Amino acid sequence: SQQGEEDPQALSIQEGENATMNCSYKTSINNLQWYRQNSGRGLVHLILIRSNEREKHSGRLRVTLDTSKKSSSLLITASRAADTASYFCATAYGFTGNQFYFGTGTSLTVIP
Amino acid sequence: ETGVTQTPRHLVMGMTNKKSLKCEQHLGHNAMYWYKQSAKKPLELMFVYNFKEQTENNSVPSRFSPECPNSSHLFLHLHTLQPEDSALYLCASSDDSGFSVEQYFGPGTRLTVT
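> How do you make sense of the overall build of chain A when you look at a structure like this?
Summing up its helical and strand segments, chain A has zero helices and 11 strands in all. Element order for chain A, N to C, with α for helix and β for strand: β-β-β-β-β-β-β-β-β-β-β. In terms of overall size, chain A behaves like a compact globule, its C-alpha atoms giving a radius of gyration of 13 Å where 112 residues would be expected to give roughly 13 Å. If you line up chain A on its principal axes, its C-alpha atoms span 45 × 30 × 20 Å. The buried share among the 112 residues of chain A stands at 45%.

What follows is the structure, given as structure tokens:
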């Protein structure tokens, strides 16, 4: 399976702290994306990092990619209660790169 | 989420019923997807349509039948479902004029099979 697997499965932190989530995958990828899902809702794209990139920033988000270890991390700095959600990594594969494997996600709770 | 809409948001159906889920995207995308999200399991890709043509069917049982009449609409026809088919069904779309781009998801339909 090429599925991404997030770690930890659940994370609880105080508001203002940083949250780090990790993702591991099994085979070569075109890119890796992170998505957020609020309870029972659709997924929202956060950030995409291509296989030739090592680090990317977007606002309070920082994503790293280590293709040699087949792993990625998502760092959310200065967390807010509104960041409470599940976070998924998705690895893109296939000829057109539009076929994604998602992991089971990390459930993040930010305590006000 | 407003770019991709799904109806109904909640559906309860018996195993002998026939129902359909509808997805509509207002983003001008040319690829649409159905995913199944069950508790404690990874999101599962079910079907992929590119320019209205089905390009992927991930070994989905025939009791799930997709239909894509045009690039903006996607249906999932359901019949003789099983209780284990209860899940959140998510529709997504993307613009495949580029390579490996992000997908935009609808809010999902929460399906309960009784």
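Continuing now.
> It is not clear to me how the pairing of strand E3 (residues 18–25) of chain B should be interpreted in this structure. Could you clarify?
The two faces of a sheet get side chains in turn, since along a regular strand they alternate between them. Residue and element names in this part refer to chain B. Alignment of strand E1 (residues 4–7) against E3, held across four bridges, turns out to be antiparallel. Paired with Val 4 across the strands is Gln 25, a residue of E3. With seven bridges joining them, E3 and strand E8 (residues 73–79) adopt antiparallel strand pairing. Counted as the bridge partner of Leu 21 is Leu 76 from E8.

> Is there a simple way to explain the state of the cysteines in this structure?
Two cysteines joined by a covalent bond between their sulfur atoms form a disulfide. Overall, the coordinates contain two disulfides over all chains when judged by the stated rule. Two residues share a disulfide in this structure: A:Cys23 and A:Cys89, whose sulfurs sit 2.0 Å from each other. Linking A:Cys23 and A:Cys89, the disulfide has an S-S dihedral of approximately 65° and is accordingly described as right-handed. Of this pair, A:Cys23 sits in strand E3 (residues 19–24) while A:Cys89 sits in strand E9 (residues 85–93), placing them 66 residues apart in sequence. Residue classification places A:Cys23 among the buried positions, given a relative accessible area of 2%. The disulfide partner of B:Cys23 is B:Cys91, and the S-S distance across this bridge is 1.9 Å. Its S-S torsion of approximately -70° makes the covalent link between B:Cys23 and B:Cys91 left-handed. Here B:Cys23 is found in strand E3, whereas its partner B:Cys91 is found in strand E9 (residues 87–94), with 68 residues between them in sequence. For B:Cys91, a relative accessible area of 0% gives the class buried.

> Mind showing me how you'd approach the interface of chain B and chain A here?
Interface size is often expressed as the accessible area that is lost when the parts come together. In this assembly, 26 residues from chain B lie in contact with 24 residues from chain A. When the two sides are added together, the surface that chain B and chain A hide from each other amounts to roughly 1,900 Å², 48% of it contributed by carbon and sulfur. Between the two partners, chain B and chain A, sit zero salt bridges. On the surface where chain B and chain A come into contact, there are two residue pairs in polar contact (both at pLDDT 80 or more). Sorting the residues of the side of chain B that touches chain A by element identifies strand E4 (31–37), strand E5 (44–50) and E9 of chain B as the ones contributing at least two each. Taken together, the residues of the side of chain B that touches chain A break down into 13 nonpolar, five polar and eight charged.

Procedures and definitions
Residues numbered from 1 in each chain as written. Chains lettered and ligands numbered in written order. Predicted model: local features only at pLDDT ≥ 70, side-chain atom pairs only at ≥ 80, totals over all residues. Heavy atoms only, no water. Helix = DSSP H or I, 4+ residues; strand = E, 2+ residues; numbered from the N terminus. Rg over C-alpha atoms; globule rule 2.2 N^0.38 Å. Buried < 20%, exposed > 50% of the residue type's maximum accessible area, 1.4 Å probe, protein only. Pairing = 2+ DSSP bridges. Disulfide = S-S within 2.5 Å. Contact = heavy atoms within 4.5 Å. Buried area = accessible area lost by both parts, 1.4 Å probe. Salt bridge = Lys/Arg side-chain N within 4 Å of Asp/Glu carboxyl O. Polar contact = N/O pair within 3.5 Å; in protein donor to acceptor, adjacent residues only side chain to side chain. Nonpolar A, V, L, I, M, F, W, Y, C, P; charged D, E, K, R; others polar.

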